[in-house]
Amino acid sequence: MDKNNFDGVRIGLALIVVFAHLSALTQLADFKIFESIFDSNFAVKGFFAISGFLVTKSYLTSSNTLQYAEKRFRRIYPAYTTAIILCLCIGAFATTLSFYDFVKSPQTAKYLVSNLAFLNFIQPTLPFVFDSNTTQALNGALWTIKVEVMLYFCVPTLIYLFNRFGSTKIAFSIILLSIFWVYFFTYAFSGNKGEEIARQFPGQLSYFCIGSLLAVNKKILDYVKWIALFSTLALFATSNPIAKLFIDPVAYSSIVIFLSTVAFRSLNFGKYGDISYGIYLYHFPIIQLIIFLGVFEVNVWIGLLVTFLLTITAALLSWHLIEKRLLRRTSHYVLVAKS
């Protein structure tokens, strides 16, 4: 792939999520400003768009579907498993139960099994852990990983349809279907948790699909700067929530792809390792632990500093000791880190 800034943009998006969760989890007045500056909604959707671009490229450079699946597994699952184990260790430390009672608790086993299977919603908590925190979930950021995995499964079919019927027509159809899903569960659904269902698969498919379209259609990619500009202007020009459903995927996706492929291409954040995934995976339980230990009560800015030091350290260790070692030597993540 030509010079790009995907690593830098992904690190930026991951840090946006960290700042947003610092405010949400601590509920501190000092951090309320983060809510207006750092939009985790934009960051998560930006991640899906970048994933659509890069994962499509990965599929197209794979010799077969099995190799593609192997590459996805190597990139996602080792660090993901490590995050689950980290949460278990934090839980064993923070629980009010004895270690023996914690280990033998059915909740602990349910947490381990369901989370390793990407079904975090089944058991997001551990027994008597973080009961005094505002949120008891060990890692509320993991909901996106199951959506990400489901999107991976779509890629072979997506590419087949692109080749068979044309990338623009198919992408347009899939984006509309994804938007309809979000609209229905946000505005027409009368049951419980409609908005939560709306953000699940295939609600995020529109962002992923636009990223995929830009990966295979160079003619459209050449205009990404102008697409980003005009869609962003359109987004700021309207307050209509229905209109935003249609503009958001185009604006968010084109912005992050523009920043990744056109702007600041000479930056090489990847030489330090691909730490954005680790930042995203580990920051939530680290914040929860620091809240539990009362560090923010002593000094909010020390708490913030400790959060970032521990998160970046965990991400670097994860990349160098776990993630990089389990990737293929020909992986672009490894090659970029060596350059």
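Predicted model only: the values in this text are computed from it and were never measured. (Residues numbered from 1 in each chain as written. Predicted model: local features only at pLDDT ≥ 70, side-chain atom pairs only at ≥ 80, totals over all residues. Heavy atoms only, no water.)

All right, on to the packing of aromatic side chains then. Within this structure, the stated rule accounts for 25 aromatic pairs. Between Tyr183 and Tyr187, the ring centres sit 5.7 Å apart and the planes meet at 35 degrees, which makes this aromatic pair tilted. A residue pair is termed a helical-turn pair when its members lie 3 or 4 positions apart in one helix, as Tyr183 and Tyr187 do in helix 8 (residues 167-188) at 4 residues. Given the relative accessible area of 41%, Tyr187 is considered partly exposed. One aromatic cluster is present, formed by Phe19, Phe31, Phe34, Phe38, Phe296, Trp301 and Phe308 through successive ring pairs. Between the NZ or CZ atom of Arg72 and the centre of the ring of Tyr152, over which it lies, the distance is 5.4 Å. One Lys or Arg, Arg199, reaches over the ring of Trp143 and ends 4.0 Å from the middle of that ring. (Phe/Tyr/Trp six-rings, centres within 6.5 Å; stacked < 30°, edge-to-face > 60°. Helix = DSSP H or I, 4+ residues; strand = E, 2+ residues; numbered from the N terminus. Buried < 20%, exposed > 50% of the residue type's maximum accessible area, 1.4 Å probe, protein only. Lys NZ or Arg CZ within 6 Å of the ring centre and 35° of its normal.)

Let's shift gears to unusual backbone geometry. That bond from Phe201 to Pro202 is cis: its omega, 5 degrees, falls within 30 degrees of zero. Within the secondary structure, Pro202 sits in the loop between helix 9 (194-198) and helix 10 (205-216). Phi is positive for Gln27, close to 55 degrees, though the residue is something other than glycine. In this fold, Gln27 is placed in the loop between helix 1 (6-26) and helix 2 (33-37). Positive phi, close to 70 degrees, is recorded for Phe118, a residue that is not glycine. Here Phe118 lies in the loop between helix 6 (106-116) and helix 7 (143-165). Judged by its relative accessible area of 16%, Phe118 is buried.

Right, let's get into the environment of Val18. Counting through the fold element by element, Val18 comes out in helix 1. C-alpha separation for the pair Val18 and Lys169, spaced 151 residues apart in sequence, amounts to 37 Å. Aside from chain neighbours lying at most four places away, what touches Val18 is Ile279, His283, Ile287, Thr307 and Phe308. (Contact = heavy atoms within 4.5 Å.)

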